[in-house]
Amino acid sequence: MPANFAAAGWYHMVDVVYGNETLSATHRSLRDAVIQLDHDGTFFIGYPILTTANGAFQIDALLVSRQTGLVAFDLSSLNATYDNGIPAEVLDHQDQIFSAIAAKLTEDGRLVRRREIRIPINIVTISEDYDGGEEGSFVSTTVHVAQLVDDFKEISEDDYRILNSVIERTATLRPRKQRTSVSKPNSKGSQIKLIDSKIANLDAAQKRAAIEFPDGPQRIRGLAGSGKTIVLAMKASYLHLKNPNWRVALTFYTRSLYQQLIGLARRFSFEFVKDEPDWEKLTILHAWGSSYTTGIYAEIAMRVGAPVRNYQYAREKFRYGAEFEGIIDELYDFVMEHKERVSPIYDVVLIDEAQDLPQKFFELIFLFTKPPHRIVYAYDELQTLNETEMPSPQDLFGRKQNNRPRVTLTNSDDRPKQDIVLPVCYRNNQWALTTAHGLGFGLKRGRGLVQMFERPATWTDIGYEVVGGRLDLGRAVELRRAASATPTFFAEILSESDAVKFSVFDNEAEEYQALARAIRHNLDQDELEPDDILIVVSEIRKIRSKGGAIMRALAKEKIVSHVVGVTQSTDEIFSKSSVAVTHIHRAKGNEAPMVYVVGADYCFEGFNIGTLRNVLFTAITRSKAWVRVSGCGTQMAGLIEEFSGIRADEYVLDFKYPTKKELGRIKTRYRDMSDVEAKNIEADLEVLSRVLPLIESGRVSLSDLPPHVAAALRHLVNDAGDSE
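Described below are features of the structure shown in this document. What you are looking at is a predicted structure, and each value in this text was computed from that prediction instead of being measured.

A word on the overall build of the protein chain. Helix and strand counts for the protein chain come out as 25 helices and 26 strands. Computed over C-alpha atoms, the radius of gyration of the protein chain comes to 28 Å, within 12% of the 27 Å expected from 2.2 N^0.38 for 724 residues, which places it in the range of a compact globule. Principal axes of the C-alpha set define a box for the protein chain whose edges measure 110 × 65 × 55 Å. Looking at the 724 residues of the protein chain, the share that counts as buried comes to 56%. Accessible surface, the protein chain as shown: approximately 31,100 Å² in total, 48% of it carbon and sulfur. Within the protein chain, the 99 negative side-chain charges are centred at a point lying 5 Å from the centre of the 87 positive side-chain charges.

Another aspect to go through is the packing of aromatic side chains. Scanning all chains against the criterion turns up 24 aromatic pairs. Each ring, one from Phe-361 and one from Phe-362, has its centre 6.0 Å from the other, and the planes form 85°; the classification is edge-to-face. Across this residue pair, the class does not change: Phe-361 and Phe-362 are buried. Geometrically, the ring pair formed by Phe-366 and Phe-397 is tilted, given 6.3 Å between the ring centres and 55° between the ring planes. With Phe-366 in helix α12 (residues 359-367) and Phe-397 in the loop between α13 (393-396) and β17 (419-422), this pair connects stretches of sequence that are 31 residues apart.

Bringing helix α6 (residues 204-211) into the picture now. Since the α-helix turns once every 3.6 residues, residues separated by three or four places project in the same direction. Burial within α6 is extensive, with eight of its eight residues counted as buried. Listed as buried for α6 are Ala-204, Ala-205, Gln-206, Lys-207, Arg-208, Ala-209, Ala-210 and Ile-211. For α6, the elements touching its buried residues are β1 (14-18), β2 (41-45), α4 (157-167), β12 (218-222), α7 (228-242) and β17.

On to the pairing of strand β11 (residues 137-140). For strand β9 (residues 121-126) and β11, the ladder comprises three bridges, and the chain directions are parallel. In the strand pairing of β11, Thr-125 is matched with Val-139. Pairing geometry for strand β10 (residues 132-134) and β11, over three bridges, is antiparallel. The residue of β11 that forms the bridge with Gly-132 is Val-139.

The nonpolar side chains of a soluble globular protein tend to be buried, and buried together. Judged by nonpolar contacts, the single largest core of 63 residues is most densely connected at Ile-519, Ile-535, Ile-550, Leu-616 and Val-629. Sequence-distant contacts of Leu-616, defined by excluding residues within four places in its chain, comprise Leu-439, Val-597, Ala-600, Cys-603, Val-629 and Leu-639.

Glancing now at the packing of helix α9 (residues 296-304) against helix α11 (residues 323-337). One can describe the packing of α9 onto α11 by two numbers: an axis separation of 11 Å at closest approach and a directional angle of 25°. When the interaxial angle is binned, α9 and α11 end up roughly parallel. Judged by the twist between their axes, the crossing of α9 over α11 is left-handed. Here Tyr-297, Ile-300, Ala-301 and Val-304 of α9 lie close against α11, whose contacting residues are Phe-324, Ile-327, Ile-328, Leu-331, Phe-334 and Val-335. For the contact of α9 with α11, the class distribution of residues is ten nonpolar, no polar and no charged.

Where strands meet in a sheet, backbone hydrogen bonds hold them as pairs that are either parallel or antiparallel. Ordered by their spatial adjacency, six strands build an open sheet running β14-β13-β15-β16-β12-β17, and the pairing between neighbours is parallel. Each end of this open sheet is capped by a strand with a single partner; those strands are β14 (282-286) and β17. Taking each pair of neighbouring strands and ignoring which way they run, the sheet shows an average axis angle of 15°. Strand direction decides the pairing type here: strand β13 (residues 248-252) and strand β15 (residues 346-351), joined by four bridges, are parallel. From the neighbouring strand, Ala-249 faces β15, where its bridge partner is Val-349. Those strands touched by α6 are β12 and β17, and its axis lies near 140° from that of β17.

Looking at the secondary structure, you find His-437 in helix α14 (residues 430-441). Accessibility expressed as a relative area gives 0% for His-437, which makes it buried. Here the side chain of His-437 touches Tyr-464 through a polar contact of 2.7 Å, side chain to side chain.

The next point concerns the pattern of salt bridges. Taken as a whole, this structure holds 43 salt bridges when the rule is applied. Notably, a salt bridge pairs Lys-104 with Glu-107, separated by 2.9 Å at the nearest N-O pair. Judged by its relative accessible area of 41%, Glu-107 is partly exposed. The residue Arg-179 makes a salt bridge to Asp-532 at a minimum N-O spacing of 2.8 Å.

Mapped onto the fold, Ile-86 is located in the loop between β6 (69-74) and α2 (88-105). The class of Ile-86 is buried, set by a relative accessible area of 8%. In sequence terms Ile-86 and Phe-252 are 166 residues apart; their C-alpha atoms lie 51 Å from each other.

Another aspect to go through is the environment of Lys-281. Within the secondary structure, Lys-281 sits in the loop between α8 (258-273) and β14. Remark: the alpha-carbon pair of Lys-281 and Asn-122, spanning 159 residues in sequence, is separated by 35 Å.

This part covers the packing of helix α18 (residues 508-524) against helix α19 (residues 543-556). The geometry of α18 relative to α19 is characterised by a closest axis approach of 9 Å and an angle of 50° between their N-to-C directions. On the basis of the axis angle, α18 is oblique to α19. Crossing angle aside, the handedness with which α18 passes α19 is right-handed. Seen from α18, the contacting residues are Glu-508, Tyr-512, Leu-515, Ala-516 and Ile-519; seen from α19, they are Lys-546, Ala-549, Ile-550, Ala-553 and Leu-554.

For the rest of this paragraph, the subject is the sheet that holds strand β21 (residues 533-537). On the basis of which strands lie adjacent, the open sheet formed by six strands has the order β20-β25-β24-β21-β23-β22 and parallel pairing. On the outer flanks of this sheet lie β20 (500-505) and β22 (561-563), each paired with one strand and no other. Taking the axes of each pair of neighbouring strands and ignoring which way they run, one obtains an average angle of 20° across the sheet. In this structure, strand β24 (residues 592-598) lies alongside strand β25 (residues 623-632), joined through five bridges in parallel fashion. Along β25, the bridge assignment pairs Ala-592 with Ser-623.

Definitions and limits used
- Residues numbered from 1 in each chain as written.
- Predicted model: local features only at pLDDT ≥ 70, side-chain atom pairs only at ≥ 80, totals over all residues.
- Heavy atoms only, no water.
- Helix = DSSP H or I, 4+ residues; strand = E, 2+ residues; numbered from the N terminus.
- Rg over C-alpha atoms; globule rule 2.2 N^0.38 Å.
- Buried < 20%, exposed > 50% of the residue type's maximum accessible area, 1.4 Å probe, protein only.
- Areas by Shrake-Rupley, 256 points an atom, 1.4 Å probe, with all protein chains shown as cover.
- Lys, Arg positive; Asp, Glu negative; His and termini not counted.
- Charge placed at Lys NZ, Arg CZ, Asp CG, Glu CD.
- Phe/Tyr/Trp six-rings, centres within 6.5 Å; stacked < 30°, edge-to-face > 60°.
- Contact = heavy atoms within 4.5 Å.
- Pairing = 2+ DSSP bridges.
- Core = buried A, V, L, I, M, F, W, Y, C linked by side-chain atoms within 4.5 Å.
- Axes fitted to C-alpha atoms, helices over the stretch in contact; angles between N-to-C directions.
- Parallel < 35°, antiparallel > 145°, perpendicular 65-115°, else oblique.
- Left-handed = near helix turned anticlockwise from the far one by under 90°.
- Nonpolar A, V, L, I, M, F, W, Y, C, P; charged D, E, K, R; others polar.
- Polar contact = N/O pair within 3.5 Å; in protein donor to acceptor, adjacent residues only side chain to side chain.
- Salt bridge = Lys/Arg side-chain N within 4 Å of Asp/Glu carboxyl O.

Structural data, given as structure tokens:
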């Protein structure tokens, strides 16, 4: 959301955003005329929705550009008769459009000077056969409209930036936190205040994702911090206001997102029409639900008469970490056995954090969403906690009886996009993000890669550029964050040496003491506040014991803290007076200026190393400005060595891309294992560790072993000799 994306070289033409699913012939002709203009700006079709004393109405088309300012197009009077000049009904409708736009613009005091709006409001009624104007009221055919518009007065760069923020509804994105206590010009408090002020407008991809809506499924993907949650909330509000009789459901995985999504949907609704949403029609639903809030799963189960399972049931029946997947599989089987009970519930479903939801969940959503199955799902690349990449749309939504996929996504030039990538990361600076990717993939790990995108092009999709080698299977490549995907304000405000720091300690007591002292300094000297700080415990299953130890260390420094979901509700992460301690499942979807990742040595090595490295990646990418990663012992020292390698390369990721065969081996070797599998492997390794010394000492020979075991050991010995 750069303050000035046009001047920064984001695009040098009129970008088209389709707010309508289908276009009339007049819309097409008008679009073709407008995009011929040599302007920087955005042409919205079917956007925005504005409010007047008579209710809400939708602008047919709107051009916002530096060269012309604001131009609204009225297509409602195509068949008007102009025998005696512009008829009164056309002028009356132009007045209505003017009043609605003027009311919106005057909400921002920066656009008003001496009781007049600084930006001209140009309104053009499109006619089939009439060109003319009187006292600022314009009528034009699509043949001559470009010539008319090109003569309008340009506006200043500052006014253009402000105008965009008003039209895009991003006034609601401005930081609510005023930070009135900040007084030091170079403190962390003043730096984060400045960073927040820079995130002002939507970029081209975000505008398209928030407004465009096809007749069918749509995928929105990008990095953590690229704005997907905000885009989905805006999209849900816009669709609700545009289609007030639709049942629009916005769902998500992390419980602590609930209040954030409710707040965003409410704020966007007030931005559009100055009123609360109809919460019976626009519903914010957790994917599962809880004892006090209904979720998508529960609604579907009740619709078909299936038992509604709670967490206690799932925890006892299914393995740790797969509780939701277990009950979804159970519900899916029930639905397949009772297909006659399937009847759609939703007109639209928007899914945030899709990377964390099981595949059968998407099949159920497809079955219970009315045709043409308007399903929008958004996910973060590399933020699944057990996989590198999401399944394809063809695999995600299942197949028909003829084995053809239910869903395929296509992008056409003159229709809303079905597949949108958000390449810019506004949350993480380039140093933290590159570090997170380098460690997440194990690019500097001496024992080889942990995981890798199957499609090399995914790297460029998410905002990296090739600076050396070739981005292809089996080839050496050098990648860095592209300037176009990196907001300039990070380098202007932050320093690389302070943005990311790693520390190693002899034991946890020392680590927690250092943590407490650092946070004390954040609060006393850096002008940060308790809710600016997030502590993420790497080892999820030990959140109670480790969280308690951290709270005690903080208490010695007279710092109030809480463990989310243990000493405080699971639905809220932050508190104005208390520092949050949590694990990654609850931290996901949230962010903080200062993030402390403790016990990171846990993520260095292990059976489920892909999952462990994704935990580390996700924890680091919670940071809006600074991240501190700490741990104990040799494993933490190993992690620091990897980070030092990334830093020494000046945050250029230098590696050899695996071949297709190597990718398969990596995926098989580091696939996520169940607890039972991991324990069995641990037991087998324990036996092997006792047998090998016996073989080395000669007390046991290879001939004493089962033939297949002896053959495998000989093969390994020969391979080791060859590699030397």
